[in-house]
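Coordinate analysis (summary)
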Amino acid sequence: MTDAQDTAADSPLRTTGGAPPDDVEEAPIPLLEPRDGIPPVITDEDSLAEVVAAFAAGSGPVAVDAERASGYRYGQRAYLVQLRREGAGSALIDPIACPGLAGLGQELSGVEWVLHAATQDLPCLREIGMVPTRLFDTELAGRLAGFPRVGLGAMVENVLGFVLEKGHSAVDWSTRPLPEPWLRYAALDVELLVDLRDALEKELDRQGKLEWALQEFDAIASAPPAEPRKDPWRRTSGMHKVRRRRQMAVVRELWQTRDRIAQRRDVSPGKVLGDAAIIEAALALPPNVHALASLNGFGSRTGRRQLEQWQAAVDRARALSESALPQPGQPVTGPPPPRAWADKDPSAAARLSAARAAVSELAEQLNMPQENLISPDTVRRVCWEPPQPVDPESVAAALAGYGARPWQIEQVTPVLTLALTTKA
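As a starting point, this report considers the structure included with it. (Residues numbered from 1 in each chain as written. Predicted model: local features only at pLDDT ≥ 70, side-chain atom pairs only at ≥ 80, totals over all residues. Heavy atoms only, no water.)

1. Considerations on a negative patch on the surface
Residues Asp44, Glu45, Asp46 and Glu50 make up a contiguous surface patch of negative charge. Here Glu50 is to be found in helix 2 (residues 45-57). (Patch = residues over 30% accessible without salt bridge, like charges linked within 9 Å, V, L, I, M, F, W, Y side chains within 5 Å. Areas by Shrake-Rupley, 256 points an atom, 1.4 Å probe, with all protein chains shown as cover. Salt bridge = Lys/Arg side-chain N within 4 Å of Asp/Glu carboxyl O. Lys, Arg positive; Asp, Glu negative; His and termini not counted. Charge placed at Lys NZ, Arg CZ, Asp CG, Glu CD. Helix = DSSP H or I, 4+ residues; strand = E, 2+ residues; numbered from the N terminus.)

If you want it as structure tokens, here you go:
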């Protein structure tokens with residue numbers, strides 16, 4: 001049994017939300033207040049320079065968060081950046097008024113950044129020139145430590161004993177000026193992030209998982225920007241209803257037209273035209289504006305000019321030659337869907353079943369989610385095309401080739417090696 005297995009069950013932190021005994025009166029959990037009040041929003045270069053100097057002179061890790069306007073604006077740009085560091089206090093920066101934050105990023109490049117769910121914020125931070133070289137992800141740390149609830153509010157309450165204000169996470173952060181309650185919420189998001197980091201580091205160390213977490217953090221910090229998604233129109237909600245290639249072409253034309261309009265207006269694509277309306281038009285293949293106007297999503301509130309632009313997109317798809325129509329599916333680069341394995345390769349299906357069961361059992365022993373122990377896609381790939389011969393060395397090499405970290409390879413190689421010998 002590993003140190004992590006041996007100690008996962010007796011954590012001193014409150015990793016569960018169990019009720020106190022009947023004869024014990026639980027004290028109310030205090031509502032967190034900003035220690036230094038709500039800082040003013042930085043909107044000019046002189047104030048930004050002061051913040052950069054203060055944070056460069058601070059000590060220890062820096063807490064970083066960003067707020068986007070998902071569902072309101074086009075793209076995932078940051079509309080507010082929050083920072084806190086010992087010796088510098090907290091700062092709220094408007095990256096629209098101060099678009100060049102590369103100088104701040106450079107001053108903090110050698111400092112450990114503490115983020116919650118880092119992969120959500122790193123893309124929008126990268127856009128404004130803020131790229132960490134070292135980081136600590138408190139959400140991922142919570143997953144590895146076995147916390148059942150890893151949202152920031154739940155973690156702060158369970159680990160540190162404070163309640164964060166709720167209710168403003170999904171607001172339109174592109175609003176100007178930002179209301180004071182929103183700014184208070186934003187400032188509190190970084191108020192105790194370093195304290196949470198320190199407590200989680202101790203817990204991970206106690207469970208024998210700190211080195212595992214550090215490897216994960218290094219992998220996130222060193223990962224290149226994600227490649228643009230190919231054929232993003234194929235992810236339109238309801239796409240499974242669209243069977244014919246001509247209908248797929250309608251989805252593509254409407255999606256691309258909507259995307260251009262949304263980008264030009266800087267609004268969320270869903271506010272221009274809903275996915276359900278795109279699918280409705282694709283299935284109906286309306287021959288004219290009158291027919292289009294009768295479909296759900298193109299009702300009385302849609303103006304004549306708008307209807308004409310959507311009908312033009314439909315007409316373009318209707319006019320395409322057969323050779324120009326999209327193919328039914330994207331090229332498959334990995335294994336087929338697992339549901340098809342039993343027919344295509346019964347032995348592979350048996351290997352996958354055994355591997356999934358073994359990984360699930362090991363994850364339970366280690367008190368962490370299966371997907372953090374090893375990527376499900378990696379398990380599928382190894383089971384579909386096992387290395388030859390199947391032995392610990394070849395399995396470890398295969399896992400490394402798919403990007404598994406050393407700690408993952410060490411933990412799962414024994415159970416996967418055994419699973420890969422399973423016969424149909």
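Further notes follow.
2. Brief notes about the packing of helix 5 (residues 138-145) against helix 9 (residues 210-222)
Describing two packed helices takes the angle between their axes plus the distance from one axis to the other. Viewed as axis vectors pointing N to C, helix 5 and helix 9 meet at an angle of 145°, and their least axial separation amounts to 10 Å. When you trace helix 5 past helix 9, the crossing you get is right-handed. Mapping the contact onto sequence places Leu140, Ala141 and Leu144 in helix 5 and Ala213, Glu216, Phe217 and Ile220 in helix 9. Residue composition of the contact of helix 5 with helix 9, grouped by class: six nonpolar, no polar and one charged. (Axes fitted to C-alpha atoms, helices over the stretch in contact; angles between N-to-C directions. Left-handed = near helix turned anticlockwise from the far one by under 90°. Contact = heavy atoms within 4.5 Å. Nonpolar A, V, L, I, M, F, W, Y, C, P; charged D, E, K, R; others polar.)

3. A word on helix 20 (residues 406-419)
In this model helix 20 runs 20 Å from its N-terminal to its C-terminal C-alpha over 14 residues, within 8% of the 20 Å that 1.5 Å per residue would give. For helix 20, every residue scored as buried is listed here: Trp407, Gln408, Ile409, Gln411, Val412, Thr413, Leu416, Thr417 and Ala419. Looking at the buried positions of helix 20, the neighbouring elements they touch are helix 5, helix 9, helix 16 (346-366), helix 17 (370-373) and helix 19 (392-401). (Expected span 1.5 Å × (residues − 1). Buried < 20%, exposed > 50% of the residue type's maximum accessible area, 1.4 Å probe, protein only.)

4. Structural notes on the sheet that holds strand 5 (residues 112-115)
Spatially, the six strands line up as an open sheet ordered 1-4-3-2-5-6, and their pairing is mixed. Two strands in the sheet have a free side with no partner beyond their single neighbour: strand 1 (41-42) and strand 6 (134-137). Judged from the eight bridges that link them, strand 2 (residues 59-68) and strand 3 (residues 78-86) form a sheet pairing that is antiparallel. Across the sheet, residue Ala66 finds its bridge partner in strand 3, namely Val81. (Pairing = 2+ DSSP bridges.)

5. Considering the packing of aromatic side chains
In the structure shown here, the tally under the stated rule is five aromatic pairs. Judged by centre distance (4.7 Å) and plane angle (10°), the ring pair of Trp212 and Trp407 falls under stacked. Of the two residues, Trp212 sits in helix 9 while Trp407 sits in helix 20, which places them 195 residues apart along the sequence. Of the two residues examined, Trp212 and Trp407, each falls in the buried class. Aromatic rings pair up to connect Trp173, Trp182 and Tyr185 into one cluster. (Phe/Tyr/Trp six-rings, centres within 6.5 Å; stacked < 30°, edge-to-face > 60°.)

6. Quick look at the environment of Ser360
Topologically, Ser360 is positioned in helix 16. Through-space distance from the C-alpha of Ser360 to that of Leu373 is 9.2 Å; in sequence the pair is 13 residues apart.

7. Describing helix 2
Relative to the 18 Å expected for 13 residues at 1.5 Å per residue, helix 2 spans 18 Å between its end C-alpha atoms, a close match to the ideal helical length. Residues of helix 2 that are buried include every one of Leu48, Val51, Val52 and Phe55, and no others. The buried residues of helix 2 occupy an angular sector of 100° when the element is viewed end-on, so they sit on one face. Among the exposed residues of helix 2, those pointing more than 90 degrees away from its buried face are Asp46, Glu50 and Ala57. Its side-chain oxygen at 3.2 Å from the backbone nitrogen of Asp46, Asp44 defines the N-terminal cap of helix 2. (Arc of directions from axis to C-beta. Polar contact = N/O pair within 3.5 Å; in protein donor to acceptor, adjacent residues only side chain to side chain.)

8. Points about the side chain of Glu67
Inspection of the secondary structure assignment puts Glu67 in strand 2. For Glu67, which is buried and forms no salt bridge, the nearest opposite charge comes from Arg68, at a distance of 6.8 Å. The residues contacting Glu67, other than those within four sequence positions of it, are Arg77, Ala78, Tyr79, Leu80, Gln82, Trp173, Tyr185 and Asp189.

9. Focus on the state of the cysteines
By the definition in use, this model includes zero disulfides. Cysteine Cys98 remains unbridged, with the sulfur of Cys124 as its closest cysteine sulfur at 16 Å. The exposure class of Cys98 is buried, given its relative accessible area of 0%. (Disulfide = S-S within 2.5 Å.)

10. Side note on the side chain of Ser174
Summarising the element assignment, Ser174 is placed in the loop between helix 6 (152-160) and helix 7 (180-191). In this structure the side chain of Ser174 is engaged in a polar contact, spanning 2.9 Å, whose partner is the side chain of Arg73. Among the polar contacts made by the side chain of Ser174, one reaches the side chain of Asp172 at a distance of 2.5 Å. Those residues within four positions of Ser174 in sequence are excluded, and the remaining contacts are Ala69, Arg73 and Tyr79.

11. Examining the pairing of strand 3
For strand 3, the tally of buried residues reaches eight of nine residues, placing the bulk of the element in the interior. As judged from the five bridges shared by strand 3 and strand 4 (residues 89-93), these two strands associate in the antiparallel manner. Bridging across to strand 4, Leu83 finds its partner in Ala91. In textbook terms, the turn of a hairpin is the stretch between consecutive antiparallel strands, and for strand 3 and strand 4 this stretch comprises two residues, one of which, Gly87, has a positive phi near 90°.

12. Quick look at the pairing of strand 2
Consecutive residues of a regular strand have side chains that alternate between opposite faces of the sheet. Burial runs high along strand 2: seven of the ten residues are buried. Bridge count between strand 2 and strand 5: two bridges; the pairing is parallel. Residue pairing across strands places Ala63 opposite Val114, the latter belonging to strand 5.

13. Some points on unusual backbone geometry
Backbone torsion omega between Arg176 and Pro177 reads -5°, so that peptide bond is classified as cis. Assignment of secondary structure puts Pro177 in the loop between helix 6 and helix 7. For Asp266, which is not glycine, the phi dihedral falls at a positive 55°. Within the secondary structure layout, Asp266 lies in the loop between helix 10 (245-265) and helix 11 (269-272).

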